[in-house]
Amino acid sequence: VHPNCIPQREEPEDNNSNIPLSFKLKNLDSKHPFITQNKRLTDETATEFGIGFCSKGIMKDRIAIPIHDIEGNLVAYAGRAVNERKIKEEGKYRFPSGFHKSHELYNLHRILSSPVLSIVEKHGVVITEGFFDVMWLWQCGIKNAVALMGTAVSKHQLEKLKAVTDRFFIFTDNDTAGLACAFSLQTQLSDKETHHFRYHKPYSAYHSPEDFTQEDLQIILS
């Protein structure tokens, strides 16, 4: 298998876990303008999350984003298209066949590692929709964020969230889908009196968490 190709994988027998990949994509360009200019991410942040522009294989002409399970195993790559033509023809994001997105929370393995775990224990978890929300928050000093990788929350994701903490900060996008996602999270996370959550509706001038400045984020999430 070419190192820049993502092969088809068999479904996990219990349908509850993703199979770790046996390879890593190579020669990804972490300095692509979409990363450094569009998303305003530093080289340090891009390196931390292992992202980069892929020029070959199924993720060709997309930003490849590594996804790990709760134990830190690499289980998939998501591909973010960087031009409107590709988005229109193939969709903004691409996930490999056989990958169960609903079973993972993006960045969960990272926030459970020291020293971020101490932040989670004190302040809980910030829940966002997307990969770049998490990366931007991380760059701004907010290390305890995860992403649903979309606007739907699954029972598997809820179970993982509730096993980690009883405090949540819901930080979804300021659009119809984001507001619906926030409502769903509030409903399902408030099923026990021991669960505490806050919800921040983004200012009308901002669409998503990655639109906020570092100063705004420090105030909102303090």
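Conventions and cut-offs
- Residues numbered from 1 in each chain as written.
- Predicted model: local features only at pLDDT ≥ 70, side-chain atom pairs only at ≥ 80, totals over all residues.
- Heavy atoms only, no water.
- Core = buried A, V, L, I, M, F, W, Y, C linked by side-chain atoms within 4.5 Å.
- Buried < 20%, exposed > 50% of the residue type's maximum accessible area, 1.4 Å probe, protein only.
- Helix = DSSP H or I, 4+ residues; strand = E, 2+ residues; numbered from the N terminus.
- Contact = heavy atoms within 4.5 Å.
- Pairing = 2+ DSSP bridges.
- Axes fitted to C-alpha atoms, helices over the stretch in contact; angles between N-to-C directions.
- Salt bridge = Lys/Arg side-chain N within 4 Å of Asp/Glu carboxyl O.

### Some thoughts on the nonpolar core
Core analysis: the biggest nonpolar cluster contains 52 residues, and Ile 51, Ile 65, Tyr 106, Phe 131, Phe 132 and Met 135 have the highest contact counts within it. At 7 residues, the largest contribution of residues to this core is made by helix α6 (residues 131-139). Once residues within four sequence positions are removed from consideration, Tyr 106 is found in contact with Phe 49, Ile 65, Pro 66, Phe 131, Val 134, Met 135, Ala 145, Val 146, Ala 147 and Met 149. By size, the runner-up hydrophobic cluster in this structure holds 8 residues, among which are Leu 21, Phe 23, Leu 25 and Met 59.

### Topic: the pairing of strand β3 (residues 74-81)
Most of β3 sits out of view: 8 of its 8 residues are buried. Sheet topology places strand β2 (residues 62-68) next to β3; 7 bridges connect them, and they run antiparallel. In the sheet register, Ile 67 faces β3, and the bridge partner there is Ala 76. Between the antiparallel neighbours β2 and β3 lie 5 residues, among them Gly 72 with a positive phi of about 95°.

### Structural notes on the sheet that holds strand β4 (residues 93-94)
Spatially, the 4 strands line up as an open sheet ordered β1-β2-β3-β4, and their pairing is antiparallel. Across the chains shown, the open sheet's two edge strands, defined by having one partner strand only, are β1 (52-54) and β4. Pairing between β1 and β2: 3 bridges, direction antiparallel. If you follow Cys 54 over to β2, its bridge partner there is Arg 62. Against the sheet, α6 makes contact with β2, β3 and β4, and its axis sits at roughly 80° relative to β2, the strand it touches most.

### Re the environment of Val 82
Mapped onto the elements, Val 82 comes out in the loop between β3 and α3 (84-90). Residue class for Val 82 comes out partly exposed when judged on its relative accessible area of 25%. It is 9.8 Å that separates the C-alpha atoms of Val 82 and Tyr 93, two residues lying 11 residues apart in sequence. Ignoring any residue separated from it by four or fewer positions in sequence, one finds Val 82 in contact with His 32, Phe 34, Phe 53, Asp 61 and Ile 63.

### Topic: the side chain of Gln 157
Along the chain, the position of Gln 157 falls in helix α7 (residues 155-164). Owing to a relative accessible area of 1%, Gln 157 belongs among the buried residues under this scheme. In contact with Gln 157, other than residues within four places in its own chain, are Lys 101, Ser 102, Glu 104, Leu 105, Leu 148 and Ala 152.

### Considerations on the pattern of salt bridges
Within the structure shown, the criterion is met by 7 salt bridges. Where Lys 86 meets Glu 90, a salt bridge forms, and the shortest distance between an N and an O atom there is 3.3 Å. Taken together, the positions of Lys 86 and Glu 90, both in helix α3 and 4 residues apart, correspond to about one turn of that helix. Bridged by salt links that share partners, the residues Arg 62, Lys 86, Glu 90 and Arg 94 form one connected network.

### Description of the environment of Leu 189
With respect to the secondary-structure elements, Leu 189 resides in helix α8 (residues 176-189). For the pair Leu 189 and Asp 166, spaced 23 residues apart in the sequence, the C-alpha separation amounts to 8.7 Å.

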